[in-house]
Amino acid sequence: MNEIIFNHVYKEYDGGSGWAVEDVSLRVPARSLVVFLGPSGCGKTTLLKMVNRLVEPTRGEILMDGMDIREQKPTDLRRRIGYSIQQVGLMPHMTVERNIGLVPRMLDWPGVRIRKRVLELMALMNLDPDVYLDRYPAQLSGGQQQRVGIARALAADPELLLMDEPFGALDAITRLELQNEICRLQTKLNKTVLFVTHDVDEALRLADYLVVLQEGRLIQFDRPIRILQEPRNDFVCKLLNTDDRIRQLGLLAVTRVMMSLPEEIPEEHEVVDHRATVREALSLLLGPKNCGLVVSREGKAVGWVTLEAVRSGPNEGEA
Amino acid sequence: MGYILSNPGLVAEYFVEHLSLAVLALLIAGVVALPMAWILFQNRKAASLVLGILGVLYTIPSIGMIILLIPVFGLNKGSVLVALVLYNQVLLVRNTLAGLESVSPAVREAAVGMGMSRLRLAWEVELPLALPVILAGVRIAAVVSISIATVGAKFGSGGLGVLLFEGISQSQPDKLWAGTIMITLLALGLFFGLKMLEEQIISDSRTVMDPKTG
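Everything in this summary refers to the structure shown in the same document. Here the structure is a predicted model, which means the values were calculated and not measured.

### As for the overall build of chain A
So, point 1. Along the backbone of chain A there are 14 helices and 13 strands.
So, point 2. In terms of C-alpha radius of gyration, chain A reaches 22 Å, essentially the compact-globule figure of 20 Å for 319 residues.
So, point 3. The C-alpha extent of chain A, read off along each of the three principal axes, is 65 × 50 × 35 Å.
So, point 4. Relative to its full complement of 319 residues, chain A shows a buried share of 53%.
So, point 5. Taken as a whole, chain A presents about 15,000 Å² of accessible surface, with 47% of it coming from carbon and sulfur.
So, point 6. Separation of charge centres in chain A, based on 40 positive and 45 negative side chains, amounts to 5 Å.

Following this line, the structure appears as C-alpha cells:
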C-alpha cells in the first residue's frame, strides 16, 4: 500500500512572510515515483519533510494508508520511511557497513541479519563489499557516497522513500548514472517514492507522476507526458519548455510509433531496443543514409520505425 | 636539580598531590560541562547568557577568585578546587558547544530523518563527532589547572606550588628551581600525553583521504 494523501496542507514558518505551502491537496498513488518539481522556494522540500514530520504542517493533514501520520511517534514513523538528501549526510565516523546498518540497528535487528542485509544492498547498489565495506565516507567519491546513502535509506526495506534532490551535488555523468540506477531500482523494488528536484530533465526522466509547484501552491499534477501536452498555465509552459517537441518525444516509448515490419527490410537501417524513447530513435533516424529502424526485443525484430512514423505521432492507446 | 635528587619522596608526594587536584577538578568540571553544553546547545538564548557569565568568571585572576571563594569554602583545598572547577567549566563548556556546532547539519538532518531519538543522536553521533574539539578543550583545561593549582599552594591545597612559595620565602633557589622544573614537566607531560591520547582516539581513518580513491 503506502498511498499518501495531502489534505489541504498549509505551512507558515515562524517569522516567515506568507505561506511556504498553501492549500496543497494531493493523492500520491502507491508504488509510483512522484516528482515534486519547481524553482527554489516553491515549497517542494517543505512538502517532502512534512511526510516524515521533520516539518509539521500549520494546517491540514497528511494520511498514509488512510492513517493520520501524527498518530505515530515521529521516530517510529521515520524508521519506516527511507530518507535520502542532497548532502547525503553519511555519518563520517562510521564505516560504510555501519552507515547502511543504521536503521536496522535502531530497529534492533540481530547482527547477522543486519550484516546480510548490508551485503545485499551493496550488491544492489553496485558497491563491491570487499572494497567498500570498511571504508569511511571521506574515502568515497561523491557518487559512491550517494550510493551508500540510498542503500542506507533502503536498509529496513521501507515501502516509502523520500528523496530530497539526492543528485543535486553530483557531476552530470554520475547524476545520469544514478538516475538510471533509480529507474532500475524502481522497476525492481516498486516502492512509493517522493522525489524533489528543480532539474526538469531529471524530473521527466524519473517521474511516473509530476507535481509542479510554484510559490507554495500546487499548479499541476499529472503524468509527465500529459503535462507536456497540456500545460495548465504559462508558468508550467516556461518551466518545462513544453513547446520543445523533442522533449516530449523523450517521454514516448519507441513502441508507440512503430509500425509492423515491412515485407522487405531496406539494407540501410539501424536497430533500436524496444525500451528506447522516440527521441533516441529520432536521433538515429537523422543519421546518414538511414531509411528506418528495426525495433528489437530480446534480439527479435518486432517493428519498424521511419521518420514518417515519428512525424505522424503516437498510435492509439494509453500513454 | 639537587633538591629533587636529595628529596625524591617529598617531591613525588607534592607531584601526586598537584596532579590529583588538577585531575579531580577536570573530572568534576567534565561531568557538569558535558550535559550542560548539550542542554545549552538546544537553547541558544540561554547559551549566550551562560557563556557570557562564564566568560566574565574567566577574566577574574586566579588569586582573586580563590580569595572570593574562601568565605564560602574556607581557607583550604576546597576553595582551590572550586576555583579550578570554575575555570575548567568555562573551557569545557565552550569547547563542547563548539564541538556540537561543528557537527554538519546534513549529518544531523539525516540522523533525525532516519528516526534517531534525541538521546541516541547525542550518544552515537554528536558526542563522537564533537570529541576532537572537546578533547582539545580538556587538554587546555588540564594545563590551566596545573598553573592555577600552583597558586593554590598559597591557600593550603598543597602540591608543587609549596616548593615555589617556600623557595621564595626561605630564599632557597634550589627549592624554587625544583618546583619550577617539576611544574613545567607536569604541564608539558600532561599536554603532550593528552595530545597523544587524542590522536589515538581519533586515529580511525575517517578524515584521511585514501590517495587511491582520491
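### Looking at the packing of aromatic side chains
Aromatic ring pairs are reported here in terms of the distance separating the ring centres and the angle at which the planes meet.
Residue and element names in this part refer to chain A.
So, point 1. A full pass over the atoms with the stated rule returns 6 aromatic pairs over all chains.
So, point 2. On the basis of an interplanar angle of 55 degrees and a centroid distance of 5.9 Å, the ring pair of Phe167 and Phe195 is categorised as tilted. Of the two residues, Phe167 sits in the loop between strand E7 (160-164) and helix H8 (172-189) while Phe195 sits in strand E8 (residues 192-197), which places them 28 residues apart along the sequence. Here Phe167 and Phe195 have matching classes, each one buried.
So, point 3. Note that Arg59 overlies the ring of Tyr10, its terminal NZ or CZ placed 4.4 Å from the centroid.
So, point 4. Stacked on the ring of Trp109, the Lys or Arg Arg113 has its end atom at 3.6 Å from the ring centre.

### Description of the pairing of strand E13 (residues 300-305) of chain A
Residue and element names in this part refer to chain A.
So, point 1. Pairing between strand E12 (residues 292-297) and E13: 5 bridges, direction antiparallel. From the neighbouring strand, Arg297 faces E13, where its bridge partner is Lys300.
So, point 2. Here E12 folds back onto E13 in antiparallel fashion, the turn holding 2 residues, of which Glu298 has a positive phi close to 50 degrees.

Reading guide: rules and limits
Residues numbered from 1 in each chain as written. Chains lettered and ligands numbered in written order. Predicted model: local features only at pLDDT ≥ 70, side-chain atom pairs only at ≥ 80, totals over all residues. Heavy atoms only, no water. Helix = DSSP H or I, 4+ residues; strand = E, 2+ residues; numbered from the N terminus. Rg over C-alpha atoms; globule rule 2.2 N^0.38 Å. Buried < 20%, exposed > 50% of the residue type's maximum accessible area, 1.4 Å probe, protein only. Areas by Shrake-Rupley, 256 points an atom, 1.4 Å probe, with all protein chains shown as cover. Lys, Arg positive; Asp, Glu negative; His and termini not counted. Charge placed at Lys NZ, Arg CZ, Asp CG, Glu CD. Phe/Tyr/Trp six-rings, centres within 6.5 Å; stacked < 30°, edge-to-face > 60°. Lys NZ or Arg CZ within 6 Å of the ring centre and 35° of its normal. Pairing = 2+ DSSP bridges.

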